[in-house]
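Here's the letter readout for the chains.
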Amino acid sequence: MMRRELCHLWGPFSIYSYGLALAAAILLFVWLCLRHPRRAKIISTEKFIETVGLSLIVGLIGARLLFIVNSYDEFESIGSFFSLWNGGLSLLGGIIAIVLVMPFYLKSINVPVLPLLDIAAIHAPLLQAIARLGCLMAGCCYGKPTDLPWAIVYSDQQSEAPLNIALHPTQIYTSIAMLLVFAFFYFYLQKKVTIPGQLVMAYLMTEGAVRFSVDFFRDDQEYFSGDMHHTISAHQWLALGLFTAGLVGLILIRYTNNERYNNAQ
């Protein structure tokens, strides 16, 4: 049975399926990054763990902010903005915040930005694949009604998804897609790419493409106020922006590398 709350602790505090899945995903991400053969040459273990800790804080703030922006009408007071125990995070918002903020921190501690982000980009899809299983249990990020044989039905009263209705398992769609991206990056792409920054830009493109595609099957979409026809959701616009940023970054990195090669001749 898919349950949002696994164990109630005290007051407003409980162990939730999404939190448990996210914690497991983060621990596996850190372990794999620390074991990466190029990590030790880029950053020490201590600094890497500190960087991950700061990234979690930045990502949490970004994830919460984007959720608040998209679901502002659901909050009854300013205080409810901070009630994280009630759920309400946007993974896309967390990714955007980390990409925008963390390079400045890495520069401040004299850590090569692109090589470290490349290592993170290799393993980030696996983190997302596991975290989405937590979404599946909690019922968030739920899909549209469907009569397909692999549809899922929620019955947990605490679930964020509509109950007793067959829905697209959009969380599983994303999880499978990101697992395939991880396998491609881990077993193939990282062995072929030699220019720093190409892996993280490729990750931004794949993340944008996956999110844009899966959102067509999601039923919890938010739209910009000017979109009267509900053609593309707000998150899909952000996903397009993420894809475009990755593509432009990939072109600039390739161009810069070619310029350096030509100047060295």
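Up top is the structure.
Calculation rules
Residues numbered from 1 in each chain as written. Predicted model: local features only at pLDDT ≥ 70, side-chain atom pairs only at ≥ 80, totals over all residues. Heavy atoms only, no water. Helix = DSSP H or I, 4+ residues; strand = E, 2+ residues; numbered from the N terminus. Buried < 20%, exposed > 50% of the residue type's maximum accessible area, 1.4 Å probe, protein only. Contact = heavy atoms within 4.5 Å. Areas by Shrake-Rupley, 256 points an atom, 1.4 Å probe, with all protein chains shown as cover. Salt bridge = Lys/Arg side-chain N within 4 Å of Asp/Glu carboxyl O. 1 Å grid on protein atoms, 1.4 Å probe; cavity = no way out; pocket = protein on both sides within 12 Å on 5 of 7 lines; lining within 4 Å. Points joined across faces, edges and corners; volume = space filled by probe spheres on them. Nonpolar A, V, L, I, M, F, W, Y, C, P; charged D, E, K, R; others polar. Core = buried A, V, L, I, M, F, W, Y, C linked by side-chain atoms within 4.5 Å. Axes fitted to C-alpha atoms, helices over the stretch in contact; angles between N-to-C directions. Parallel < 35°, antiparallel > 145°, perpendicular 65-115°, else oblique. Left-handed = near helix turned anticlockwise from the far one by under 90°. Expected span 1.5 Å × (residues − 1). Bend = angle between axes of the 7 residues up to and from the residue.

We now examine the overall build of the chain. The helix and strand inventory of the chain stands at 8 helices and 2 strands. From first element to last, N terminus to C terminus, the chain shows the α and β order β-β-α-α-α-α-α-α-α-α. Every one of the 265 residues in the chain was classed for burial, and the buried ones make up 45%. Counting only contacts in the chain whose residues sit at least 6 apart along the sequence, the fraction spanning at least 24 positions is 66%. For the chain, the exposed area adds up to about 14600 Å²; of that, 67% sits on carbon and sulfur atoms.

On to the pattern of salt bridges. If you walk through the whole model with that rule in mind, you get 3 salt bridges. With a shortest N-O distance of 2.7 Å, Asp215 and Arg211 are connected by a salt bridge. By relative accessible area, Asp215 is classed as buried at 1%. Arg218 serves as the salt-bridge partner of Asp220, at 2.8 Å between the closest nitrogen and oxygen. According to the relative accessible area criterion, Asp220 is partly exposed, its value standing at 21%.

This part takes up empty space enclosed by the protein. Evaluation of the coordinates by the stated rule reveals 1 cavity of 30 Å³ or more. By volume, the largest cavity is sized at about 60 Å³. In terms of lining, the largest cavity is formed by Leu91, Leu92, Ile95, Gln128, Arg132, Thr174, Glu207, Val210 and Arg211. Secondary structure elements with two or more residues in the lining of the largest cavity: helix 4 (91-108), helix 5 (113-138) and helix 7 (198-214). Classifying every residue of the lining of the largest cavity gives 4 nonpolar, 2 polar and 3 charged.

A separate point is the nonpolar core. Membership of the largest hydrophobic core comes to 22 residues, with the highest contact counts inside it found for Phe185 and Tyr203. At the level of elements, helix 4, helix 5, helix 6 (170-192), helix 7 and helix 8 (234-264) are the ones that each hand at least two residues to this core. In terms of residue count, helix 7 provides more of this core than any other element does, 8 residues in total. Once residues within four sequence positions are removed from consideration, Tyr203 is found in contact with Ile95, Ala121, Ala124, Pro125, Gln128, Met178 and Phe185. Residues Val30, Cys33, Leu106 and Leu127 belong to the second largest nonpolar core, which totals 16 residues.

To continue, consider the packing of helix 1 (residues 17-35) against helix 5. Where helix 1 contacts helix 5, the two axes come as close as 8 Å, and the packing angle between them is 165°. Here helix 5 runs roughly antiparallel to helix 1, going by the angle between their axes. Relative to helix 5, the crossing made by helix 1 is right-handed. In this structure, helix 1 uses Ser17, Tyr18, Ala21, Leu22, Ala25, Ile26, Leu28, Phe29, Leu32 and Cys33 to contact helix 5, whose residues at the interface are Ile119, Ala120, His123, Ala124, Leu126, Leu127, Ile130, Ala131, Gly134, Cys135, Met137 and Ala138. Broken down by class, the residue content of the contact of helix 1 with helix 5 amounts to 19 nonpolar, 3 polar and no charged.

Attention now goes to the side chain of His36. Tracing the backbone through its elements, the reader meets His36 in the loop between helix 1 and helix 2 (39-42). Given the relative accessible area of 7%, His36 is considered buried. Beyond its immediate sequence surroundings of up to four residues, His36 is in contact with Ile119, Ile122, His123 and Gln190.

Now for helix 4. In this model helix 4 runs 26 Å from its N-terminal to its C-terminal C-alpha over 18 residues, within 8% of the 26 Å that 1.5 Å per residue would give. A maximum bend of about 35° is found in helix 4 at Val101, where proline Pro103 lies one to four positions downstream. Every buried residue of helix 4 is accounted for by Leu92, Gly93, Gly94, Ile95, Ala97, Met102, Pro103 and Leu106. The positive-phi residue at the C-terminal boundary of helix 4 is Asn110, with phi of around 60°.

Here Gln221 shows up in the loop between helix 7 and helix 8. Residue Gln221 is classed as buried on the basis of its relative accessible area, which comes to 17%. For Gln221, the residues in contact, after removing those within four places along its chain, are Lys144, Asp215, Phe216, Ser233 and Gln236.

Remember, this is a structural readout, not a statement about activity or role.
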